Amino acid sequence: MITIKSYSVNDTDKLANIISKYVFRGFLVLASGDLGAGKTRFAKSLANYLGVTSNVTSPTFNILKCYKGDEYDFYHIDAYRLEGVKQDLGLEEYIEGDDICFIEWSQFIDYLLPDSYLKMDILVNEDDVDEEGNNYVCFTIKNSKFSNYYFRGFYYFICFRV
């Protein structure tokens, strides 16, 4: 697991920029964190760096929103309202597709998830911030094809504060 402090919204945007440089076909991000932690903000930044010009908003009531990017389509799923739902919703074609998929509250549809993904936990509770009040973004990389790319990008972010 890699833990990165985000000192501002600007830092979070920069982190999305770094990740956007390492995406590939079938890229999947799972995002968790409290309501208002910044999951949708991160998705919006990532989508913008991938060439999405539409306004990216939370798909809470829609479950899924699709956006056209420069090289990839960007699928944004919010599974918050799917807790306890075990029916075929047709989300697999987006989750396992050849484009970019960003899922908030993925624990509610874990039965649909493949074995490879980049998981990010945004921690903002009082117990999860440091003495200066900085939030943490924790990344868990599941699959070696992610590891090789992201350790270099995260190292750059941490050491040089781009």
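Please refer to the structure higher up on the page.
No experiment lies behind these values; they were computed from the predicted model shown.

Among all positions of helix H2 (residues 39–49), only Lys39, Phe42, Ala43, Ser45, Leu46 and Ala47 are buried. On its buried face, H2 sits against helix H1 (9–20), strand E2 (28–33), strand E4 (73–78), strand E5 (100–104) and strand E6 (117–123). Phi turns positive, to about 95°, at Gly51, one or two residues after H2.

Turning next to the packing of aromatic side chains. The geometry of an aromatic ring pair is captured by two quantities: the separation of the ring centres and the angle between the planes. Under the counting rule described, the total for this entry stands at 7 aromatic pairs. Centroid distance Phe24 to Phe27: 5.6 Å. Interplanar angle 85°. Geometry classified as edge-to-face. Residue Phe24 is classed as buried on the basis of its relative accessible area of 17%. Cluster of aromatic residues (ring-pair linked, three or more members): Phe42, Phe74 and Phe102.

Counting 25 residues, the largest nonpolar core has Phe27, Phe42, Leu46, Phe74, Ile100, Phe102 and Met120 as its most contacted members. Listing elements by their share of this core, those giving two or more residues are H1, E2, H2, E5 and E6. For this core, the element with the most residues is H2, which contributes 4 residues. By size, the runner-up hydrophobic cluster in this structure holds 19 residues, among which are Leu30, Ala79, Leu91 and Ile103.

A separate point is the pattern of salt bridges. Once the charged atoms of two side chains with opposite charge are near each other, the side chains can pair. Taken as a whole, this structure holds 4 salt bridges when the rule is applied. Across the salt bridge formed by Asp99 and Arg25, the nearest N and O atoms sit 3.5 Å from each other. With a gap of 74 residues between them, Asp99 in the loop between helix H3 (92–95) and E5 and Arg25 in the loop between H1 and E2 connect regions that are remote in the sequence. Given a relative accessible area of 15%, Asp99 falls into the buried group. Taking the relative accessible area as the measure of exposure, Arg25 reaches 46% and is therefore partly exposed. Taking the shortest distance from any N to any O, the salt bridge between Asp121 and Lys119 comes out at 2.6 Å. When its relative accessible area of 17% is taken as the criterion, Asp121 is described as buried.

Reading the values: the criteria
- Residues numbered from 1 in each chain as written.
- Predicted model: local features only at pLDDT ≥ 70, side-chain atom pairs only at ≥ 80, totals over all residues.
- Heavy atoms only, no water.
- Buried < 20%, exposed > 50% of the residue type's maximum accessible area, 1.4 Å probe, protein only.
- Helix = DSSP H or I, 4+ residues; strand = E, 2+ residues; numbered from the N terminus.
- Contact = heavy atoms within 4.5 Å.
- Phe/Tyr/Trp six-rings, centres within 6.5 Å; stacked < 30°, edge-to-face > 60°.
- Core = buried A, V, L, I, M, F, W, Y, C linked by side-chain atoms within 4.5 Å.
- Salt bridge = Lys/Arg side-chain N within 4 Å of Asp/Glu carboxyl O.

Don't take any of this as a statement about function, it's just geometry.
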